[in-house]
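Structure at a glance
The residues making up each chain are set out below.
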Amino acid sequence: ETIQTTIRPQMRLMAAQRLYSHLQGHSQHYFSEHLAGSLAQRVSETAQATSQLVWSLISEIWPMAVVVTAALCILLTASAALGIFFLIWVVLWLFVSWQWARQTQQFAYRGAQARSATSGAIVDTVVNQAQVRLFAREEAERKRLASLQSKELGIVQEANRQALRLRLLQHGFAAVLKIVVLTFAVREWVLGHAGLAAFVLLTSLSFVVIHETRQLGRRLQDFMESAGQMAGGLAQLLTSHEVTDRPGAKAITSLIGRIEFKDVWFGYRTQRPVFRGLNVCIEAGQRVGLVGYSGSGKSTFVNLLLRLYDVQAGCVRIDGLDVRDLAQRSLRASVAVVPQDPMLFHRSMRENLMYGVGEASDEEIRRCAEQAMAWDFISDLPGGLAAQVGERGVKLSGGQRQRVALARALMKTSPIVILDEATSSLDAVTERAVQAALDEGLLGCTVIVVAHRLTTIAHLDRILVFDAGTVVEDGTHASLLERNGLYAQLWTQQHDGFFPHSAS
């Protein structure tokens, strides 16, 4: 009872925590390959299967095995012939049950995969519900889900049929064996080879062995079902981490903010490298813009700097230290990032703003929110800082989410700040005001701005122009225009601050 009510729930929680902790260590590539809903289903189901497996082993299989062993020992003492017969039968029965149970494991493995796919599809559709409605694809999504559920149902039904066949065989063999044992015992009694006491002892022990062995066979089936579910989850979740901390990785205590890419080779697929010997040096305190057509390497530059991926050759250094020699958590805690499409948690505004620092006073929050031009709309929210922003920040507009993300980055006071199209959702007036505030708030920081709208980076100290993974131009806005190269071409082609569609 203690195992069922106390230890088993604790084991499930412990397993879920460890699985989630391992899941967090996977690279961006891993998460881009798997649906979030599928991973969540895997963590939950695998933790549940782990606790079920251990509970079944401790509280069911082990006690039954002890009972069968004790009954066989007594039976061997009372009747050597009957005891040897049952010993052979138990061994054969458990062997056959184990082979049957292995089939159950395969069904459980496939069933876990099907449930994971279904859960992933549901979450994917819910997250993108706005797109589903905009394209009027509700019926198509229902059919797609029905198809996945039909596949899952087929596996479950086949597993249930298999389990039913096994139970019928188990009950049938047990019933026949009981009749045989009872016939043998009655014959021994009638012939005077055994007294009433011996008759009762032999039949009772035989029935105990038959019943407990049959139950043990069923528990093995349940055990292997849990093992199959657990194996399916572990196969997906416990793959090796692609990006790991080196032994003795250093925690960052202070940063100046000097960044260097030295002979960097990298490709998301090794046969198609993005960078081929890239060399870039950004001095501490510089404000640098990254521009170029989509796919030219700007986002990859940022990903490697944050060590979301590892380079295949060369190195990325911060203040002269290879980022692979730094603890990943320490590295990313020292860099503030504002993505183009910032995701907020379904928590209070205060929790979202403090996410990068953990704790902060309302005065600090207000100061950073004012710098990001976010305080006016935050103070107007019902509940102010206590207001819930909704899943992924759906209760806010795109521009409001970006300003919250900017405020969150300012809260970190990091020496390196990365702005990835951080003001793309703002109107021109608000954008100019935010940029002026950022110039003041980020004074002295190394700032990297990824931009398609060139007007947002024209005032920076330096602009790197990427083309096919190579920095083809490097200089100030004015010097690049004088050079009359790719940057000047982009500037000329741009209409109202955006690239023409032909450039995509």
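Residues numbered from 1 in each chain as written. Predicted model: local features only at pLDDT ≥ 70, side-chain atom pairs only at ≥ 80, totals over all residues. Heavy atoms only, no water.

1. Points about the sheet that holds strand 4 (residues 313-318)
The criterion, for reference: For two strands to be treated as a pair, DSSP must find at least two bridges joining them. Helix and strand labels come from DSSP, where a helix needs a run of H or I of at least four residues and a strand needs a run of E of at least two; each type is numbered from the N terminus. Here a residue-residue contact requires only that any non-hydrogen atoms of the pair lie within 4.5 Å. Axes here refer to lines fitted to C-alpha atoms; in helices the fit is confined to the stretch in contact. Angles between the N-to-C directions go from 0 to 180 degrees.
One open sheet accounts for four strands, arranged 2-1-4-5; its pairing is antiparallel. Single-partner strands in this sheet number two, and they are strand 2 (275-282) and strand 5 (321-322). Of the pairings in the sheet, the one linking strand 1 (residues 259-266) to strand 2 comprises six bridges and is antiparallel in character. Residue Val 264 lies in a different strand from strand 2, and its bridge partner there is Leu 278. Along the sheet, helix 8 (residues 298-305) contacts strand 1, strand 2 and strand 4; its crossing angle with strand 1, the most-contacted strand, is approximately 110°.

2. Quick notes on the side chain of Glu 473
Short version of the rule: Residue exposure (1.4 Å probe, protein chains only): buried if accessible area is under 20% of the type maximum, exposed if over 50%, otherwise partly exposed. The positive count covers Lys and Arg only, the negative count covers Asp and Glu only, and His and the chain ends enter neither. In what follows, salt bridge is the name for a side-chain nitrogen of Lys or Arg lying within 4 Å of a carboxyl oxygen of Asp or Glu. N or O atoms closer than or at 3.5 Å make up a polar contact, with two conditions inside protein: a donor-capable atom paired with an acceptor-capable one, and, for residues adjacent in sequence, both atoms drawn from side chains.
Position of Glu 473 relative to the elements: it lies in strand 10 (residues 470-475). Buried charged residue Glu 473 carries no salt bridge. Nearest counter-charge: Arg 483, at 4.9 Å. Here the side chain of Glu 473 touches Leu 486 through a polar contact of 2.4 Å, landing on its backbone nitrogen. If sequence neighbours within four positions are ignored, Glu 473 has contacts with Ile 463, Leu 464, Val 465, Leu 480, Arg 483, Gly 485, Leu 486 and Tyr 487.

3. Comments concerning the pattern of salt bridges
Scanning all chains against the criterion turns up 13 salt bridges. Across the pair Arg 161 and Glu 158 runs a salt bridge whose closest N-O atoms are separated by 2.9 Å. Note that Arg 161 and Glu 158 are positioned in helix 6 (residues 138-190) at a spacing of three residues, about one turn of the helix. The exposure class of Arg 161 is partly exposed, given its relative accessible area of 42%. The class for Glu 158 is partly exposed, based on a relative accessible area of 26%. Ionic pairing is found between Arg 324 and Asp 322, a salt bridge with its closest N-O pair at 2.8 Å. Neither Arg 324 nor Asp 322 differs from the other in exposure class; each is buried. Each of Arg 258, Glu 260, Glu 283 and Arg 317 takes part in salt bridges that share partners, so that together they form one network.

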